[in-house]
Amino acid sequence: MSPKMTRLLFSLNKRQLVNSIACTRNLSTSPSFLAPQFLESADEAVSDIKSGSKLLVGGFGLCGIPENLIAGLLKTKVNNLTVVSNNAGVDNFGLGLLLQQKQIKRMISSYVGENAEFERQYLQGELEVELTPQGTLAERIRAGGAGIPAFFTPTAYGTLVHEGGSPIKYNKDGTIDIHSMPREERIFNGRNFIMEEGITGDFALVKAWKADKAGNLIFRKTANNFNHPMAKAAKITIAEVEEIVEIGEIPPDQVHIPSIYVQKVIQGPSYEKRIERVTLAKSDAGDKELSPAAKMREKIVRRAACEFQNGMYANLGIGMPMLASNFIPPSMTVHLQSENGILGPGPFPTKEEVDPDLINAGKQTVTAIPGSSYFSSDESFAMIRGGHVDLTILGAMQVSQSGDLANWMIPGKMVKGMGGAMDLVAVADTKVVVAMEHTAKGGKHKILENCSLPLTGMKCVDMVITEMGVFELQEGELVLTEIDPDTSLDSVRAATGCNFKVADNLKQMSQL
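Just so you know, these numbers come straight off a predicted model, no measurement behind them. (Residues numbered from 1 in each chain as written. Predicted model: local features only at pLDDT ≥ 70, side-chain atom pairs only at ≥ 80, totals over all residues. Heavy atoms only, no water.)

(A) Molecular detail of the layout of surface pockets. In this structure, the second largest pocket spans a volume of roughly 870 Å³. In this structure, the second largest pocket is lined by 36 residues; those nearest its centre are Tyr111, Ile318, Gly395, Ala396 and Asn407. (1 Å grid on protein atoms, 1.4 Å probe; cavity = no way out; pocket = protein on both sides within 12 Å on 5 of 7 lines; lining within 4 Å. Points joined across faces, edges and corners; volume = space filled by probe spheres on them.)

(B) View of the sheet that holds strand E26 (residues 463–465). Spatial strand order, E18-E17-E16-E15-E19-E24-E26-E27-E28-E29: ten strands in an open sheet with mixed pairing. If you trace the sheet from one side to the other, it starts and ends with strand E18 (368–374) and strand E29 (501–508), each paired once. For this sheet, the mean angle separating the axes of adjacent strands, direction not counted, is 25 degrees. Here three bridges tie strand E17 (residues 342–345) to E18, and the two strands are oriented antiparallel to one another. Each residue of the ladder has a partner; that of Pro345, found in E18, is Ala368. Its contacts with the sheet put helix H9 (residues 292–304) on strand E19 (391–394), strand E24 (431–435), E26, strand E27 (469–474) and strand E28 (477–483), and the angle it makes with E26 is roughly 145 degrees. (Pairing = 2+ DSSP bridges. Helix = DSSP H or I, 4+ residues; strand = E, 2+ residues; numbered from the N terminus. Axes fitted to C-alpha atoms, helices over the stretch in contact; angles between N-to-C directions. Contact = heavy atoms within 4.5 Å.)

(C) How the structure looks around the packing of helix H6 (residues 134–145) against helix H11 (residues 377–385). Where H6 contacts H11, the axes come no closer than 9 Å and their chain directions differ by 120 degrees. Relative to H11, H6 is oriented oblique. Our pair here, H6 against H11, has a crossing hand that is left-handed. Within the contact between the two elements, H6 uses Gln134, Gly135, Thr136, Ala138, Glu139 and Arg142 and H11 uses Ser377, Asp378, Phe381 and Arg385. Here the contact of H6 with H11 is built from residues that sort into two nonpolar, four polar and four charged. (Parallel < 35°, antiparallel > 145°, perpendicular 65-115°, else oblique. Left-handed = near helix turned anticlockwise from the far one by under 90°. Nonpolar A, V, L, I, M, F, W, Y, C, P; charged D, E, K, R; others polar.)

(D) Spotlight on the environment of Phe375. Within the fold, Phe375 resides in the loop between E18 and H11. Sequence-wise, Phe375 and Ala223 are 152 residues apart; in three dimensions their C-alpha atoms are separated by 9.1 Å. The contacts of Phe375, once residues within four sequence positions are left out, are Asn224, Asn225, Gln337, Asn340, Gly341, Ile342, Leu343, Ser380 and Met383.

Structure (structure tokens):
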């Protein structure tokens, strides 16, 4: 080969190499029709959403909701939407506004909560609601985003979710128009599981703290929640952020959502960041006299606190169970896990410390202790479902003598949703303690031979603590092991709607 020909080939190969490098650079850094679009407004971002679309909407309560994108949808007035969201905000903010305008046809949620319009529309047959356990909801979304069509979970075995018949839509007369279908069941390693299908959507509307100009996202504190799995599970993910930063300002090892999942980004012009339950630290605990009802609740809570052990991980339900953390001895370390995405919530904040991006599962403002961590909803329930939480304390409407639990709905009358309760009580290695008043209003029995309300879990309760005493499930039987010193055994029997055994060594009820 002549020297002239050699130089020509070298020149051609060099030009091809330069062109190849240029193409590689173009793929990784230059804007293209496949890269995330950075748009000027929420109105523009949601303009492609049509009536009948299926939306995944991030947030937990009002924490981390895409409030500007929701405002954009209010203007478009698209309707017949199917919305997947843990809950629907409140009556006058968040998804509650879309409900007010009758833009939503079906909600797929775990919790109705305090949204009166949500509950009203459901019970009046104006809205379809597919209630799903919170951990199952998070995992269905995560699975959908990962291309997994279905999976098996122990959560909700033996409940309406498993057996079918849960009301999705009521008729005007209160009868059921649409009900849920039964789930396939299977036994693995001697335990019962049901099959759940993955969830995907046409659009995901998520709220992040920051995006870099490549489209990578990062969340702040407990505003991660459902935003994380939802960002990965839609054909088109629209993210609204508080700040857009230069590439490199979010270190690669700190990115929560890589840009591959994100199609559109807007910077929100403003954020109200409304807080559902501003709860402040009490500066004047003092010696204020407690009411009789408060004294009774404190008695239950102080006994529940006796179940804490040094070094354990515990999850406390909304309301009375949460108060048990006030009585953890100073010498004891208990790691609290809140299913909305924090391990190590601290005391309620002062007015100056209030942070709308830092709440607990009861949607109360909290602080974080040293060594705490934040994570997404699917990660939270991986901890729970995986048996890493040692103890859960929660309330109940009814408990049966065999340990069945009911605490999420009264058909046709009251629907709050199961939230994370079905997930928490389905774990074989987690001790389940119910803390509740012994009877309902009017002295109606709450401890029964069989629960008359829809179940949260079958044979899942290990202990029941009331103001009258402590029952334990021992070899499938309900046994009274402790009694309040101001209560007689006859009184306990009269207030209990089933037979129970009395321990040979019946003790006085413990207190912390």
